[in-house]
Amino acid sequence: MSIDDIKTTLVIPKTYKALVYDNPGTISTKLVELETPEPGLGEVLIRLTHSGVCSSDLGVMRNGWSGLPVPTPVGQVGGYEGVGIVHKLGPTLANSPIKVGDRVGIKWIASCCGTCPPCLEGADGVCYHQKVSGYFTPGTFQQYVLGPASYVTPIPDTLASADAAPMLCAGLTVYSALRKSLAKSGQWVVISGAGGGLGHMACQIASRGMAFRVLGIDHGSKESFVRECGAEEFLDVAKFDDGSLKNEVRRITGGRGASAAIVCAASNRSYAQALSFLKFHGTLVCVGMPEGRNEAIGGAFPSQMVLDEIRIVGSAVGGRREALEVLELAARGVVKTHYRLEKMENLNDVFQEMAEGKLQGRVVLDLA
């Protein structure tokens, strides 16, 4: 079924296709048929057409993050970069600004409470009572999903659904991280993992949307791709030890170091390296989440932090306002996801490619 058909044909089937994690702890998904749910109070039923695939999905599926409170359950529908068409409104939504036929997105945070201290400060990405799409809340690797009308994200008319999907997590996450870096136009920002799903968008937003000078770090096979995404300079991480990599970063940045380092790579070593890239008043922004045992950031010595007044900040994901802003950047052509479309049944192969570090850019599932 085409997207146009999905938008104009609002016949809702009794069952639909979904991908579930059938053996959490391993790379294994299964295509199943599920019963179509009814939207409850304040909810909308969305016929999804596309879903991005993120490294966080891999971490949740494999139970790779030691910080997860409980293991991922068997039968979990993963995914959280979903775009689709509203097919049905729940009770009490007659006067909602969200209407049947609207195109909306589902983010990593599927819903927030709106009343806890973070929500009241506009930091709904760290809501105390959040529900996480794809982890104990049905995610977007499926054709139908429920979402709160108050928290789904409207998609700009000029932005294609497949282009919009990765913006709802990867684009949103790095946009928020770059804002938290406090870097100013014309200053150097290092992107670690610059050729990955998050990193290549960070390069574009930083260089074209914020006028930062971007130094990308990744495997040498991704150099041309990273430069196409706006990096002024590139370093092949495989060609340097930690000390020489630090020296090369400082040489490129005029001897002082970078104003900020955004670590998109899910690597403990990348975090330790990044601290050494910073100049005085520099900011390390933590984005990528390494799997396995938690480790402290290597080299985070109080003496260096004090003498150079270095900042380390975390950036989980952006809020609803930042989601609208990054989608607007995409609609204007400032940032564009480099992705390939894949069928639902190919998700296991995509995860395997991701686990081996071979994936360049993003993958978007065609759910139509």
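*Asks:* What exactly am I supposed to notice about unusual backbone geometry here?
*Replies:* Residue Asn-63 is not a glycine yet carries a positive backbone phi of 55 degrees. We classify Asn-63 as partly exposed; its relative accessible area is 29%. Even without glycine at this site, Glu-309 takes up a positive phi of about 50 degrees. Looking at the element boundaries, Glu-309 is found in the loop between α10 (302-307) and β16 (311-314).

*Asks:* Please clarify how the sheet that holds strand β14 (residues 258-263) should be interpreted in this entry.
*Replies:* Backbone-to-backbone hydrogen bonds pair the strands of a sheet. The strands run either parallel or antiparallel. Judged by pairing direction, the sheet is parallel, and its six strands sit side by side in the order β13-β12-β11-β14-β15-β16 without closing on themselves. Unpaired on one side and paired on the other, β13 (233-236) and β16 mark the two borders of the sheet. Here the strands of the sheet are splayed against their neighbours by 20 degrees on average, with no regard to which way each runs. One ladder, built from four bridges, connects strand β11 (residues 188-192) with β14; its direction is parallel. The residue of β14 that forms the bridge with Val-189 is Ala-260. In the packing of helix α5 (residues 170-180) onto the sheet, contacts are made with β11, β14, β15 (278-286) and β16, and the angle to β16 comes to roughly 155 degrees.

*Asks:* For this particular structure, what's the right way to read the environment of Ala-330?
*Replies:* Tracing the sequence through the fold places Ala-330 in helix α11 (residues 320-331). Ala-330 sits 125 residues away from Ile-205 along the chain, and the two C-alpha atoms are 9.4 Å apart. Those residues within four positions of Ala-330 in sequence are excluded, and the remaining contacts are Leu-159, Met-167 and Val-335.

*Asks:* Honestly, helix α8 (residues 242-252) in this entry has me stumped. Any pointers?
*Replies:* Residues separated by three or four positions in an α-helix point in the same direction, a consequence of the helix having 3.6 residues per turn. What α8 keeps buried is the set Leu-245, Val-249 and Ile-252. Down the axis of α8, the smallest arc covering the buried residues is 65 degrees, so these residues share one side. Against the buried residues of α8 lie β11, β12 (213-218), β13 and α9 (268-275). The positive-phi residue at the C-terminal boundary of α8 is Gly-254, with phi of around 85 degrees.

*Asks:* I keep staring at the packing of α5 against α11 and nothing clicks. Help me out?
*Replies:* Packed helices, taken two at a time, are described by the angle between their axes plus the distance between the axes. It is the contact of α5 with α11, at a shortest axis distance of 9 Å, that shows an interaxial angle of 105 degrees. Taken together, the axes of α5 and α11 are roughly perpendicular relative to one another. Here Gly-171, Leu-172, Tyr-175, Ser-176 and Arg-179 of α5 come into contact with α11, specifically with Arg-321, Glu-322, Ala-323, Glu-325, Val-326 and Leu-329. Residue composition of the contact of α5 with α11, grouped by class: five nonpolar, two polar and four charged.

*Asks:* What exactly am I supposed to notice about the state of the cysteines here?
*Replies:* Each disulfide consists of a covalent bond between the sulfur atoms of two cysteine residues. Scanning all chains against the criterion turns up zero disulfides. Residue Cys-54 stays outside any disulfide, its sulfur separated by 4.4 Å from that of Cys-169, the closest cysteine. On the basis of relative accessible area, Cys-54 is assigned to the buried category, the value being 1%.

*Asks:* Is there a simple way to think about the pairing of strand β9 (residues 144-148) in this case?
*Replies:* For a regular strand, side-chain orientation follows a simple rule: the groups alternate between the two sheet faces. Within β9, four of the five residues are buried, which leaves it mostly tucked inside the rest of the structure. Note that strand β3 (residues 43-53) and β9 share five bridges and pair antiparallel. The partner of Leu-45 across the bridge, within β9, is Leu-146.

*Asks:* Is there a simple way to think about the side chain of Glu-81 in this case?
*Replies:* Tracing the backbone through its elements, the reader meets Glu-81 in the loop between β4 (76-77) and β5 (82-89). In terms of polar contacts, Glu-81 uses its side chain to reach the backbone amide nitrogen of Ala-170, at 3.1 Å.

*Asks:* Looking at this structure, I do not really get the pattern of salt bridges. What am I missing?
*Replies:* Note that side chains of opposite charge can pair when their charged atoms are close. The tally for this structure, following the rule as stated, stands at 16 salt bridges. Glu-325 serves as the salt-bridge partner of Arg-179, at 3.9 Å between the closest nitrogen and oxygen. Of this pair, Arg-179 sits in helix α5 while Glu-325 sits in helix α11, and the two are 146 residues apart along the sequence. Judged by its relative accessible area of 24%, Glu-325 is partly exposed. Note that Asp-242 and Arg-269 form a salt bridge whose closest N and O atoms lie 2.8 Å from each other. With Asp-242 in helix α8 and Arg-269 in helix α9, the pair connects residues that are 27 residues apart, well separated along the chain. A relative accessible area of 47% places Arg-269 in the partly exposed class. Connected through shared salt-bridge partners, Arg-179, Arg-321, Glu-322 and Glu-325 make up one network.

Rules behind the numbers
Residues numbered from 1 in each chain as written. Predicted model: local features only at pLDDT ≥ 70, side-chain atom pairs only at ≥ 80, totals over all residues. Heavy atoms only, no water. Buried < 20%, exposed > 50% of the residue type's maximum accessible area, 1.4 Å probe, protein only. Helix = DSSP H or I, 4+ residues; strand = E, 2+ residues; numbered from the N terminus. Pairing = 2+ DSSP bridges. Axes fitted to C-alpha atoms, helices over the stretch in contact; angles between N-to-C directions. Contact = heavy atoms within 4.5 Å. Arc of directions from axis to C-beta. Parallel < 35°, antiparallel > 145°, perpendicular 65-115°, else oblique. Nonpolar A, V, L, I, M, F, W, Y, C, P; charged D, E, K, R; others polar. Disulfide = S-S within 2.5 Å. Polar contact = N/O pair within 3.5 Å; in protein donor to acceptor, adjacent residues only side chain to side chain. Salt bridge = Lys/Arg side-chain N within 4 Å of Asp/Glu carboxyl O.

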